[in-house]
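So the chains spell out like this:
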Amino acid sequence: MDHFLYRDGALYAEDVPVAEIAAAVGTPFYVYSTATLTRHFRLFDEALEGTDHLVCFAMKAASNQAILRTLAELGAGMDVVSGGEYARARAAGVPGDRIVFSGVGKTHDEMRAALEGGIRQFNVESEPEMDALSDIAVSLGKVAPITVRVNPDVDAKTHAKIATGKAENKFGIPISRAREVYAHAATLPGVEVVGIDVHIGSQLTELEPYRAAYRKVAELTEALRADGHTITRLDLGGGLGIPYTRDNTAPPLPVEYGQMVKEELAHLGCEIEIEPGRLIVGNAGLMVSRVIYVKSGQDRDFLILDGAMNDLLRPAMYDAYHDIVTVAEPAPGAAMQPYDVVGPVCESGDTFAKARDLPHLKAGDLVAFRSAGAYGAVMASEYNTRPLIPEVLVKGDQFAVIRRRPTFDEMINRDTIPEWL
Ligand SMILES: *Cc1c(COP(=O)(O)O)cnc(C)c1O
């Protein structure tokens, strides 16, 4: 559930009319709901009640400082995948001991920055990475706490571009080699094994792939303990899916996920970390856009919006479905008609939806893409020299611009002309 509902014939973000934000900041823009963010974080936190745990928000899903701070104030940790994200988390006030560092290609500079600034653990994904981390830690007079990310070779049954737990994926080390890799870790002076990490993919709509992966992690925990390693922490990754459509195929709830985690892993007595991104912020955000033109094609009508694939990439990148709603509530029983919903970018891939049934629309009308909070603003680019669109955060009846739209000059002046020109 979220806090974007119709009231008196108009779409609201909590207690603020979306049209009022559009008038103030211009379109297109992203708007997030504090109440929805808070609710989703708490659902995970409560799902793991009774176990020692930390919910680390996977901030690659949405990394605005205001969003991070909202979650950090609720007690969230952060899962970062780059030096930039580490710096963002710290700038938002997240202490190092609540930050886990994931990612298959951490550079030496990134490792050094996190070791110097403070880190809860590195989730290491290969032996060369482990060797490099050990050397860097020794050179700084430190010991890096690590888990090893294992690849359990389970099918997450999700979109191929966001499945990460099959042997063919680049992530982690094969679980069959885990004991060997942990034995190697034990010989390194600059790393200290604290646990095991696993993340099998994103937008998972069933619990069974998780259960299969976590069973393998439980077996591995026992095997590694028998080998003499200290395993006190299990990082279980993120990936729980959200409903993008209005049909009845909703993914499992955090409480069901938490129950399964306890069933499979509680007996090990480990501290549990999870790294949800999408489920915390996905349905907490809309992208709002205005109709520029309605154009009649040979056999269809095109709804041409001021928002485009550079602003919300998911449909072009993953064939993702986003529910599109009008900001003015349609009259009950209003006739629907199919539109191809497109942006102005010079690519046929700049198509948000084909033959989507919507109420009659005209130039100037506002529409909102639902479930756009995760992997929306963070994946945006300035393709076609279109400015990154503003982000707005709502809390009750207040709203604030949390990232403003850059001017054309700001974009142009980032380029520099060489002396010879
Ligand atoms: C992307 C990612 C996540 C978050 O996935 P969601 O589907 O957004 O929950 C968590 N952990 C790692 C290592 C990731 O790469």
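The structure we're discussing is the one just above.
Keep in mind it's a predicted model, so treat the numbers as computed, not measured. (Residues numbered from 1 in each chain as written. Predicted model: local features only at pLDDT ≥ 70, side-chain atom pairs only at ≥ 80, totals over all residues. Heavy atoms only, no water.)

A. Molecular detail of the overall build of the chain. Across its full length, the chain carries 12 helices and 21 strands. In terms of overall size, the chain behaves like a compact globule, its C-alpha atoms giving a radius of gyration of 23 Å where 421 residues would be expected to give roughly 22 Å. Oriented by its inertia axes, the alpha-carbon framework of the chain measures out at about 70 × 60 × 40 Å. Across the 421 residues in the chain, those meeting the buried criterion constitute 54%. Counting only contacts in the chain whose residues sit at least 6 apart along the sequence, the fraction spanning at least 24 positions is 70%. About 18100 Å² of surface is accessible on the chain, with carbon and sulfur atoms providing 51% of the total. (Helix = DSSP H or I, 4+ residues; strand = E, 2+ residues; numbered from the N terminus. Rg over C-alpha atoms; globule rule 2.2 N^0.38 Å. Buried < 20%, exposed > 50% of the residue type's maximum accessible area, 1.4 Å probe, protein only. Contact = heavy atoms within 4.5 Å. Areas by Shrake-Rupley, 256 points an atom, 1.4 Å probe, with all protein chains shown as cover.)

B. Spatial organisation of the pattern of salt bridges. Under the defined criterion, the tally for this structure stands at 27 salt bridges. For the salt bridge of Glu271 with Arg233, the shortest nitrogen-to-oxygen distance reads 3.4 Å. Of this pair, Glu271 sits in strand S13 (residues 271-274) while Arg233 sits in strand S12 (residues 233-235), and the two are 38 residues apart along the sequence. Measuring nitrogen to oxygen at the nearest pair gives 2.8 Å for the salt bridge that ties Asp323 to Arg246. Highlighted residues: Asp323 in the loop between helix H11 (314-318) and strand S16 (324-326) and Arg246 in the loop between S12 and helix H9 (254-265), separated in sequence by 77 residues. Of the residues examined, Asp323 reaches a relative accessible area of 6% and is grouped as buried. (Salt bridge = Lys/Arg side-chain N within 4 Å of Asp/Glu carboxyl O.)

C. Layout of the nonpolar core. Among the nonpolar cores identified, the biggest contains 99 residues, and Phe57, Phe122 and Tyr257 are the most heavily contacted of them. Here this core gets 7 residues from one element, more than from any other, and that element is helix H8 (residues 208-226). Mapped onto the domain boundaries, this core takes at least three residues apiece from domain 1 (4-31 + 282-412) and domain 2 (34-279). Sequence-distant contacts of Phe57, defined by excluding residues within four places in its chain, comprise Ala62, Ile67, Leu68, Leu71, Gly77, Met78, Asp79, Pro276, Gly277, Ile280 and Val281. Core analysis: the next-biggest nonpolar cluster, separate from the first, contains 18 residues, Leu11, Ala13, Ile21 and Phe29 among them. (Core = buried A, V, L, I, M, F, W, Y, C linked by side-chain atoms within 4.5 Å. Domains from an automatic or database assignment.)

D. Just the side chain of Gln203, in detail. Considering the arrangement of structural elements, one finds Gln203 in the loop between strand S11 (191-197) and H8. You can call Gln203 buried: its relative accessible area is 14%. In this structure the side chain of Gln203 is engaged in a polar contact, spanning 2.9 Å, whose partner is the backbone oxygen of Ile242. Those residues within four positions of Gln203 in sequence are excluded, and the remaining contacts are Thr158, Ile162, Gly239, Gly241, Ile242, Tyr244 and Arg278. (Polar contact = N/O pair within 3.5 Å; in protein donor to acceptor, adjacent residues only side chain to side chain.)

E. View of the sheet that holds strand S2 (residues 10-13). Spatially, 3 strands are ordered S1-S2-S3 in an open sheet, and the strand pairing comes out antiparallel. Bordering the open sheet on either side are strand S1 (4-7) and strand S3 (16-17), each of which pairs with just one other strand. Here S1 pairs with S2 via 4 bridges, running antiparallel. Its bridge partner lying in S2, Tyr6 is registered against Leu11. (Pairing = 2+ DSSP bridges.)

Everything listed here is a matter of geometry and, on its own, says nothing about what the molecule does.
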